[in-house]
Amino acid sequence: MTTDPVPAGRIADPWGPRTPFGRGASWPARVDQYLAEDHSTDDVDRWVQTASNLHSNGDAMELAVRNGRLVGVRGMARDRVNRGRLDPKDLYGWQAIGSPDRLTTPLIRKDGSLREADWDTAMARITERTHALLDGPGPSSIGFYTSGQLFLEEYYALAVLARGGLGTKHLDGNTRLCTATAGEALKESFGCDGQPGSYTDVDHADTIALFGHNMAETQGVLWSRVLDRLAGPEPPVLLCVDPRPGPVSDAATVHLQPHPGTNLALMNGLLHEVIAHGWTDPSYVEAHVVGFDRLAQQVALFPAEAAAAATGVPAEQIRTAARLLGQAGRLLSTVLQGFYQSHQATAAAVQVNNLHLIRGMLGRPGCGVLQMNGQPTAQNTRECGADGDLPGFRNWANPRHVEELAKVWNVPADRIPHDGPPTHLMQMIRLAEEGTLRMLWISGTNPAVSLPELERIRAVLGQERLFLVVQDLFPTETTEFADVVLPAAGWGEKSGTFTNADRTVHLSLKAVEPPGQARPDLDIFLDFAHRMDLRDASDAPLLPWHGPEDVFEAWKACSRGRPCDYSGLTYTLLRDRGGIQWPCTSGQPDGTERLYTQGDFRSRPEDCETYGRDLLTGNSFDEEAYRSLNPDGKAVLRTAPYVPPPEQPDADYPLWLITGRTLYQFHTRTRTGRVPELRSAAPDMWIELSEPDAAAAGIGEGDLAEVATRRGTVRARVRVTGIRQGVVFLPFHYGYWDAPEAAGHHRAANELTPTSWDPASKQPLFKTGAARITPVARHSGPAPAPTTAASRPEPGPDGKDIRTTATGPS
């Protein structure tokens, strides 16, 4: 085991020192630690168990507490996920909860302004409005929009409250923006949500393919694991699919840079080559899969030349990539926002599943699919029914599943809305815009920066007829529109569990007290349920719990027998052992590393989470159609024809617009923007442009420019990179809470993005749209963009590396 005790250089070296290991060996431990200035381990009163809350990797760590304050973190060497490693957001992000501008008291709107109030006044205002709406237009006038960053216990309480108590189907999470496509793709292929693979597949794979997944920036510790394999004996080969270059493409054997919106065409081309060359496993397909003939017919239309014409990727590169995938002995594939937030999102993501199914690459070490998450508790949102699903991966269209859930909650089945699919967020916004949705309760998310077409979103949130409740840690762009603001406790200030992208459940324990009157989200939801006097069929309190462990025990009962079975887990077990993967039962007390090891899919018509959708139109299939297709519960090869994106570059808007994350910031920066190390590493908005496109526009590195679409404009300084020609990239993190006064709405990337979503997953398509760029002013010096990852600059015209003078890490 190695130790990196004071990683002061971890902004410039985000992935830390290498600990090489070979295929099939155990990943060596390396403990990362960071303590506030003038503190040492001798100063720490106690270390408190938790895991990362600023990305989806689930890095296990301990919080250092001294005199009732957080003073640092260190990784947990025993944990299966990170073996002690922490990424920059883990190392420094904990400082945010100590920021002086935390929300510490409830606020209510009076005479047009938010004013301090006590909890009774604030909650009375909410319950009075709720009762009035229930007595008037009914439950369909009330909606809830939550996060991917609360705890499992909080999501489950919210799902019981909303669906079983109030009876509204308007409940969704901001995972709708992030990984709704991941869940939908898994359901379409395997009949149920839940990652088939495990992070340990990195240790065994001979080929790793990253489809639209900038792992180096979104999951830095997992990328460290890949780097350690690459540095050891028998390194894997890598395929990178991304219009932007960066550390992943540097390490890749093949880098494909498709035009935005053409992922399905690319996948069809790759699958065509794999099938045409016989790189399939017919015995596995025969035993465990349906739909092969239809898939073969669909991809027959996309030989490499046709895929090249649609994507702009040379045909020979497509053939080379297909050979790499088709001849892999142990293939691991990961997928993220490059596919999920782009045109035909679910259809493209499903083709990655199809690749593994036709090759029989599932359920064995090194053979797996990870349809990744982007947030620390995105998986819990989906499991607990705090998004467009029913709790426990139950099928809303299956009356037996609804009755089973009603029995768990002891409520009449007709109280749980199931006459149609639960309402996705973008439809909730439309209902609010039309005036049908009259109350919206937002917890732990900031839609006034994160949703598409922000001018429209501000207009919707600002309507007088919409009663808006916002529950958060800090004042945000969204709290500005609220009628009631509720101050929430943060990570480290409350206890609960959360599950990462490979199904590993961690326990996070309270380390310090929240500031002022701030309360845990769970306490707020339970208080509301009590004030509303929500009761079950026995006239007992519907939410009878007194703390997170009570809720966890109730969740275990709800999940028992379902694919996401937590029944074998306890707080004590998680405290003693660290992260454990579900399903964990009395028969599988150590958890389950990989799913579907025997082709045992949860896809029987009686058991599946969905009957599926048409991937082109989004229309739902019924039980009869599904039973006809898949009576024996096999995996399904879903297909769809490729159609070009509806908004194409033209003479007025000649560039493709894409948005995305950066290594040092998270979502709308409400936390990472308040951390000195992370703020200085990526202090402001920037625009990425290729060298040919910059030259054509008369723009140089660091110049101020304006990007415009048919929705709005953004102004920022330009970083000239190796991004694909014809594509402009904007990080989506930057809003207005810390922008200069009177700067106007010209900083957030979502001023530009269209109101459109994938027909199957209902995920907004942030990486689809046409833009133009024009110079505004000359500036000396580089753009305020990081130089360590995909935003690194191209060398200047004299060949000198601009990184030596760039703002941010160097």
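Above this text is the structure in question.
Treat the numbers as computed from the prediction; the structure is a model and nothing was measured. All residue numbers here refer to positions counted from 1 along the written sequence of the relevant chain. Where totals are concerned, whole chains, interfaces and linings use all residues; where local detail is concerned, this predicted model gives features only for residues with pLDDT of at least 70, and gives and counts side-chain atom pairs only at 80 or more. Hydrogens and water molecules were not included; the side-chain quantities draw on all heavy atoms of the structure.

A. How the structure looks around the pattern of salt bridges. By definition, a salt bridge exists where a carboxyl oxygen of Asp or Glu is found within 4 Å of a side-chain nitrogen of Lys or Arg. Scanning the entire structure with this criterion turns up 53 salt bridges. The salt bridge partner of D738 is R747, with a shortest N-O separation of 2.8 Å. Using a 1.4 Å probe on the protein chains alone, a residue whose accessible area is under 20% of its type maximum counts as buried, one over 50% counts as exposed, and one in between counts as partly exposed. By relative accessible area, R747 is classed as buried at 9%. Taken together, the shared-partner salt bridges connect R400, R604, E606, E623 and R627 into one network.

B. Highlighting the environment of R575. Runs of H or I in DSSP of at least four residues are treated as helices and runs of E of at least two as strands, each being numbered from the N terminus. Position of R575 among the secondary structure elements: in helix α24 (residues 571-577). Separated by 525 residues in the primary sequence, R575 and T50 place their C-alpha atoms 9.4 Å from one another.

C. Structural view of the nonpolar core. In these notes, a set of buried Ala, Val, Leu, Ile, Met, Phe, Trp, Tyr and Cys residues joined through side-chain atoms within 4.5 Å is what counts as a nonpolar core. I126, Y156, F211, L239, W441 and L486 are the most contacted members of the largest nonpolar core, which has 199 residues in total. Per-element accounting of this core gives the leading share, 10 residues, to helix α3 (residues 152-166). Contact between two residues is taken to exist if any of their heavy atoms lie within 4.5 Å; hydrogens are not considered. Setting aside anything within four residues of it in sequence, one finds F211 in contact with L239, V241, M267, L270, L325, S333, T334, V335, L336, F339, V352 and L355. Grouped together as the second largest cluster of nonpolar side chains are 27 residues, I429, A432, L451 and V460 included.

D. Here's a closer look at the sheet that holds strand β21 (residues 580-581). In this scheme, strands are said to pair when DSSP sees at least two bridges between them. Strand order in the open sheet formed by three strands is β19-β20-β21, with antiparallel pairing between adjacent strands. Because the sheet does not close on itself, it has two edges, and the strands there are β19 (496-499) and β21. One ladder, built from two bridges, connects strand β20 (residues 504-508) with β21; its direction is antiparallel. Bridging across to β21, V505 finds its partner in I580.

E. Up close: unusual backbone geometry. Residue P583 is bonded to the preceding W582 through a cis peptide linkage, with omega at 0°. Positionally, P583 belongs in the loop between β21 and α25 (623-629). Residue H667 is not a glycine yet carries a positive backbone phi of 45°. With respect to the secondary-structure elements, H667 resides in the loop between β23 (655-660) and α26 (676-681).

F. Structural context of the sheet that holds strand β12 (residues 254-256). Strands sit in the order β12-β11-β10-β14-β15 across an open sheet of five strands; the sheet is parallel. This sheet does not close on itself; its edge strands, each paired only once, are β12 and β15 (368-371). Neighbour-to-neighbour, the strand axes of the sheet open up by a mean angle of 10°, direction not taken into account. Both strand β14 (residues 331-335) and β15 contribute to a ladder of four bridges, which runs parallel. Residue V335 lies in a different strand from β15, and its bridge partner there is Q371. Axis lines are fitted to C-alpha atoms, over the contacting stretch for helices. Their N-to-C directions set the angle, which ranges from 0 to 180 degrees.

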